[in-house]
Amino acid sequence: MNIFEALRESHDRQRTYAKALIKTSGDTAERVEAYKQLKSELQAHETAEERHFYIPLMAFDNGVDLSRHAISEHHEMDEMMEELDETQMSSPAWLATAKKLSEKVHHHLEEEEQKFFQMAGKLLDDKQKEALAGQYEKEYKAQLP
């Protein structure tokens, strides 16, 4: 497995969890569970991806800007999750923020898969792609609750 395949597995889970979250309503067990799944997936993925994909890409001139952009988007998603944590789940504001988070997640994943992966594919050799996948997987699993 290479780093792109490893990242796509998490991306697929993020899409599923984000879609499930915005279909929930009120302060229900379903919403609590959907949010918990998405939040833990995003946090584990972000940490592992930054350490074992974006930081290694920063070693290349062509990788600096895209890495900074992606890490900035991770920060935006973290801020939205903090906002959700501080808002009553039954509030319409909670669902509005959850929808913004879902849209940001989908935008970010599409951008990574359509733009960033292509650039990174040119910068990293096959051995690096496989090594990063192993490091990413180990870190990702360690970050999960």
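About the criteria used
Residues numbered from 1 in each chain as written. Predicted model: local features only at pLDDT ≥ 70, side-chain atom pairs only at ≥ 80, totals over all residues. Heavy atoms only, no water. Helix = DSSP H or I, 4+ residues; strand = E, 2+ residues; numbered from the N terminus. Rg over C-alpha atoms; globule rule 2.2 N^0.38 Å. Lys, Arg positive; Asp, Glu negative; His and termini not counted. Charge placed at Lys NZ, Arg CZ, Asp CG, Glu CD. Axes fitted to C-alpha atoms, helices over the stretch in contact; angles between N-to-C directions. Parallel < 35°, antiparallel > 145°, perpendicular 65-115°, else oblique. Left-handed = near helix turned anticlockwise from the far one by under 90°. Contact = heavy atoms within 4.5 Å. Nonpolar A, V, L, I, M, F, W, Y, C, P; charged D, E, K, R; others polar. Polar contact = N/O pair within 3.5 Å; in protein donor to acceptor, adjacent residues only side chain to side chain. Buried < 20%, exposed > 50% of the residue type's maximum accessible area, 1.4 Å probe, protein only. Salt bridge = Lys/Arg side-chain N within 4 Å of Asp/Glu carboxyl O. UniProt positions renumbered as here; feature names shortened; annotations may be inferred. Expected span 1.5 Å × (residues − 1).

1. Some details on the overall build of the chain
Then comes step 1: A count of helices and strands for the chain gives 5 helices and 0 strands.
Then comes step 2: Mapped from its N terminus to its C terminus, the chain presents α and β elements in the order α-α-α-α-α.
Then comes step 3: At 16 Å, the chain has a C-alpha radius of gyration in line with the 15 Å of a compact globule built from 145 residues.
Then comes step 4: In terms of overall dimensions, the chain has a C-alpha envelope of 50 × 25 × 20 Å along the principal axes.
Then comes step 5: A gap of 3 Å separates the mean positions of the 19 positive and 30 negative side-chain charges of the chain.

2. A look at the packing of helix 3 (residues 61-85) against helix 4 (residues 92-123)
Then comes step 1: Here helix 3 crosses helix 4 at 165°, and the two axes come no closer than 10 Å. On the basis of their axis angle, the class for helix 3 and helix 4 is roughly antiparallel. Between helix 3 and helix 4 lies a crossing whose hand is left-handed.

3. What to know about the environment of Arg 68
Then comes step 1: With respect to the secondary-structure elements, Arg 68 resides in helix 3.
Then comes step 2: Counting along the chain gives 18 residues from Arg 68 to Glu 50, while the straight-line C-alpha distance between them is 9.8 Å.

4. Section: the packing of helix 2 (residues 29-57) against helix 5 (residues 126-143)
Describing two packed helices takes the angle between their axes plus the distance from one axis to the other.
Then comes step 1: Running from amino to carboxyl end, helix 2 crosses helix 5 at an angle of 150°, the nearest separation of the two axes being 8 Å. With respect to each other, helix 2 and helix 5 are oriented roughly antiparallel. For helix 2 against helix 5, the interelement crossing comes out right-handed. For the pair formed by helix 2 and helix 5, the contact residues are Glu 41, Ala 44, His 45, Thr 47, Ala 48, Glu 49, Arg 51, His 52 and Pro 56 on the first element and Leu 132, Gln 135, Tyr 136, Glu 139, Tyr 140 and Gln 143 on the second.
Then comes step 2: Of the residues assigned to the contact of helix 2 with helix 5, the class counts are 6 nonpolar, 5 polar and 4 charged.

5. What about the environment of Asp 125?
Then comes step 1: Inspection of the secondary structure puts Asp 125 in the loop between helix 4 and helix 5.
Then comes step 2: For the pair Asp 125 and Asp 85, spaced 40 residues apart in the sequence, the C-alpha separation amounts to 40 Å.
Then comes step 3: Separated by 3.1 Å, the side chain of Asp 125 and the backbone nitrogen of Lys 127 make a polar contact.

6. So, the side chain of Glu 49
Then comes step 1: Secondary-structure assignment places Glu 49 in helix 2.
Then comes step 2: One buried charged side chain, Glu 49, makes no salt bridge at all; its nearest oppositely charged neighbour is Arg 8, positioned 10 Å away.
Then comes step 3: Aside from chain neighbours lying at most four places away, what touches Glu 49 is Leu 7, His 11, Tyr 54, His 74, His 108, Glu 112 and Tyr 136.

7. Describing the UniProt feature "domain: Hemerythrin-like" (unreviewed entry) in the chain
Then comes step 1: Under the feature "domain: Hemerythrin-like" (unreviewed entry), the UniProt entry names residues 3-120.
Then comes step 2: With 87% helix and 0% strand, the stretch residues 3-120 has end C-alpha atoms that lie 10 Å from each other.

8. Considerations on helix 3
Note on helix geometry: an α-helix contains 3.6 residues per turn, so any two residues three or four positions apart are oriented the same way.
Then comes step 1: Here helix 3 is 25 residues long and its end C-alpha atoms lie 37 Å apart, about the 36 Å a rise of 1.5 Å per residue gives.
Then comes step 2: Turning to helix 3, its buried residues number three or more, namely Gly 63, Val 64, Leu 66, Ser 67, Ala 70, Glu 73, His 74, Met 77, Met 80, Met 81 and Leu 84.
Then comes step 3: Summarising the contacts, the buried residues of helix 3 are in contact with helix 2 and helix 4.

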